[in-house]
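# Remarks on the overall topology
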Amino acid sequence: STLDMLLSKRKNYSCTWYTDGLKPSEGISTGIVGPRTKIFIPIGNFSNIFVAKVFASRRCVEINLQSNYHNARIAILSDTQPTFKSSQLPRLKHY
């Protein structure tokens, strides 16, 4: 699978991030995990998992842009390909 391929080539990236949408009993949340970073952001009960996944991916991109990485290869792994095809994200190269 594509995920297995990316995980096997992880050493080719400067850093690897994981994003997901979560649905605990308290409401919808996003999860972002990366180098020295573990963020969970509640986004309320009036949302859905897809929105949470898009929000998590977008926030992850913002975090990396603010980090001012130079010539870095950054992998953002998500379990939902449509998240990265969404018009709500900056144009990225996705596999």
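Keep in mind the model is a prediction, meaning the values are calculated, not measured.

Conventions we followed
Residues numbered from 1 in each chain as written. Predicted model: local features only at pLDDT ≥ 70, side-chain atom pairs only at ≥ 80, totals over all residues. Heavy atoms only, no water. Helix = DSSP H or I, 4+ residues; strand = E, 2+ residues; numbered from the N terminus. Buried < 20%, exposed > 50% of the residue type's maximum accessible area, 1.4 Å probe, protein only. Contact = heavy atoms within 4.5 Å. Areas by Shrake-Rupley, 256 points an atom, 1.4 Å probe, with all protein chains shown as cover. Salt bridge = Lys/Arg side-chain N within 4 Å of Asp/Glu carboxyl O. Core = buried A, V, L, I, M, F, W, Y, C linked by side-chain atoms within 4.5 Å. Pairing = 2+ DSSP bridges. Axes fitted to C-alpha atoms, helices over the stretch in contact; angles between N-to-C directions.

### Observations regarding the overall build of the protein
Each helix and strand counted, the protein has 3 helices and 4 strands in total. Each helix and strand of the protein, placed in order from N terminus to C terminus, yields the pattern α-β-β-β-α-β-α. Counting over 95 residues, the protein shows a buried share of 33%. Counting only contacts in the protein whose residues sit at least 6 apart along the sequence, the fraction spanning at least 24 positions is 50%. A total accessible area of about 6500 Å² is found for the protein, and carbon and sulfur atoms account for 53% of it.

### Concerning the pattern of salt bridges
Overall, the coordinates contain 3 salt bridges when judged by the stated rule. The shortest N-O distance in the salt bridge between Asp20 and Lys53 comes to 2.6 Å. Residue Asp20 is located in strand E1 (residues 15-22), and its partner Lys53 is located in helix H2 (residues 49-66); the two are separated by 33 residues in the primary sequence. The exposure class assigned to Asp20 is partly exposed, which follows from its relative accessible area of 26%. Overall, the relative accessible area of 10% leaves Lys53 in the buried class. As a salt-bridge pair, Arg58 and Glu62 come within 3.5 Å of each other at their nearest N and O atoms. Of the two residues, Arg58 and Glu62 are both situated in helix H2; the distance of 4 residues between them amounts to about one turn of the helix. According to the relative accessible area criterion, Glu62 is partly exposed, its value standing at 30%. Through salt bridges with shared partners, a single network forms among Arg58, Arg59 and Glu62.

### Observations concerning unusual backbone geometry
In this model, Arg36 sits at a positive phi of 55°, which is unusual for a non-glycine residue. By the element assignment, Arg36 lies in the loop between strand E2 (28-34) and strand E3 (37-44).

### Considerations on the side chain of Ser29
For Ser29, the location among the structural elements is in strand E2. Once residues within four sequence positions are removed from consideration, Ser29 is found in contact with Asp20, Gly21, Leu22, Pro24, Ile41, Pro42, Ile43 and Ala52.

### Focus: the nonpolar core
Considering soluble globular proteins, one finds that nonpolar side chains tend to be buried as a cluster. Of all hydrophobic cores here, the largest spans 8 residues; its members are Cys15, Trp17, Ile32, Ala56, Cys60, Val61, Ile63 and Ile76. Sorting the residues of this core by element identifies E1 and H2 as the ones contributing at least two each. Ranked by the residues each element gives to this core, the list is headed by H2, at 4 residues.

### Remarks on the sheet that holds E2
Across the sheet, which stays open at both edges, the 4 strands sit in the order E3-E2-E1-E4 with mixed pairing between neighbours. In this open sheet, the two edge strands, each paired with only one partner strand, are E3 and strand E4 (74-77). This sheet shows a mean twist of 15° between the axes of neighbouring strands, independent of strand direction. Summarising the sheet, E1 and E4 pair through 4 bridges and their orientation is parallel. Residue Cys15 lies in a different strand from E4, and its bridge partner there is Ile74.

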